[in-house]
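# A look at the structure
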Amino acid sequence: MSTSSRSTTRRSLTAAGATAALALTLAACGSSGDSSSMPGMDHGAKSSASSSPSASRAMGDMPGMDHMAVGNGLSDTKDGYRLTSKDATLPSGKQAAYQFTISGPDGKSVTDFVLDQTKRMHFYAIRSDLTGFQHLHPTMAADGTWSADLASLTPGSWRMFASFTPTGGPGKGKDFVLSRTLIAPGNATKTPLPAPAGRTQVDGYTITVKGEPMAGMAHPLTVSVAKDGKPVTDLQPYLNTYAHLTAFHEGDATFAHLHPTTEVTGDHGGPDLNFHAELPTSGNWRLFLQFQTGGTLHTAALTLPVG
């Protein structure tokens, strides 16, 4: 064999060895394990959905996966769109209306929005310690001024989030999440974030979350609902899904909407609900699950660690 042929053979063997090693590494990473960071928090997805074009297309075909949010929601401006409000403070201890507008890159108020889970605008209020969660659907006046009727605020710093998708303009088809802060006057007392747990209870229901998301990667989460030790199968559609899941990051209140991937097939759903989780940063996230039974809306909360 010539020197050139031997060199070519060595390169081929080296490449084949590297390919085999990579395959073994991916297989090891994709294998399920028995260990878990906490009770009820089993391993979820094995790789990011954005790792290949085919995976991205598959994820885009899931219910609720038509749009992905732009940014982390911690700014009042993004790509020329701006959230504006005259309300820097609101009274604590009583109901109050928060008014705001959304303007586009041309400086004019945006008045046309895409329906997202049956609503043109989703509005969230969260205190800096991740308590006091409110998810509202404000009303818009003809001039583009939105009004969100907030329930009683406890004293402290609050962040107001507006989630929307413009119908036209440069941002057509993009999900935007913009926010501003305000103060509810009074003696503010910080509530410590509850410890991470894979299970919580609300109104007699037991909520279990399974999954182990990694920062910046797409992973599935499975939420199971039970009552009196029995699986719940009478979840009613709420916002065109059987449950709505929102998350906020400890420390900075970064916003994330976990998109449902379980299709609504009738008036009764459950007990298992699947969500697409793509949380941008590591640390503790506070999850708020909203679901409806018997015409009553329930809100459960738990702390989820993200590696």
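Summary of the structure given here.

How each quantity is defined
Residues numbered from 1 in each chain as written. Predicted model: local features only at pLDDT ≥ 70, side-chain atom pairs only at ≥ 80, totals over all residues. Heavy atoms only, no water. Helix = DSSP H or I, 4+ residues; strand = E, 2+ residues; numbered from the N terminus. Buried < 20%, exposed > 50% of the residue type's maximum accessible area, 1.4 Å probe, protein only. Contact = heavy atoms within 4.5 Å. Areas by Shrake-Rupley, 256 points an atom, 1.4 Å probe, with all protein chains shown as cover. Polar contact = N/O pair within 3.5 Å; in protein donor to acceptor, adjacent residues only side chain to side chain. Core = buried A, V, L, I, M, F, W, Y, C linked by side-chain atoms within 4.5 Å. Pairing = 2+ DSSP bridges. Salt bridge = Lys/Arg side-chain N within 4 Å of Asp/Glu carboxyl O.

### Here's the deal with the overall build of the protein
On a plain count of helices and strands, the protein comes out with two helices and 19 strands. Here the protein holds 307 residues, and the buried ones make up 40% of them. In the protein, the share of contacts with a sequence separation of at least 24, taken over all contacts with a separation of at least 6, comes to 66%. Element-wise, carbon and sulfur atoms account for 52% of the exposed surface of the protein, whose accessible area totals about 15,100 Å².

### A word on the side chain of T303
Structurally, T303 is set in strand β19 (residues 296-306). At a separation of 2.8 Å, a polar atom in the side chain of T303 contacts the main-chain carbonyl oxygen of P194.

### A closer look at the environment of L289
Counting through the fold element by element, L289 comes out in strand β18 (residues 283-293). Taking the C-alpha atoms as reference, L289 lies 6.6 Å from A243; in sequence the two are 46 residues apart. In contact with L289, not counting residues within four places along its chain, are I207, V223, A243, H244, L245, F275, H298, T299 and A300.

### Let's talk about the nonpolar core
Of all hydrophobic cores here, the largest spans 27 residues; its most connected members are I207, L258, F275, L279, L287, L289 and F291. Elements that contribute at least two residues to this core include exactly β12 (205-210), β13 (219-227), β15 (244-249), β16 (255-260), β17 (272-277), β18 and β19. If we ignore the near neighbours within four places in the chain, the residues touching L287 are L221, L245, T246, A247, A300, A301, L302 and L304. Of all hydrophobic cores here, the second largest spans 25 residues; its members include A96, F100, F123 and A125.

### Side note on the pairing of β13
As paired strands, β12 and β13 are joined by six bridges and run antiparallel to one another. The partner of K210 across the bridge, within β13, is T222. Note that β13 and strand β14 (residues 230-231) share two bridges and pair antiparallel. Following the sheet pairing, A226 is matched in β14 by P231. Adjacent in sequence and paired antiparallel, β13 and β14 are bridged by two residues, among which D228 carries a positive phi angle near 55°.

### Describing the pattern of salt bridges
All chains considered together, the criterion is met by three salt bridges. In this structure, D76 engages R180 in a salt bridge whose closest nitrogen and oxygen atoms are separated by 3.2 Å. Residue D76 is found in the loop between β1 (69-70) and β2 (77-78), and its partner R180 is found in strand β10 (residues 175-184); the two are separated by 104 residues along the sequence.

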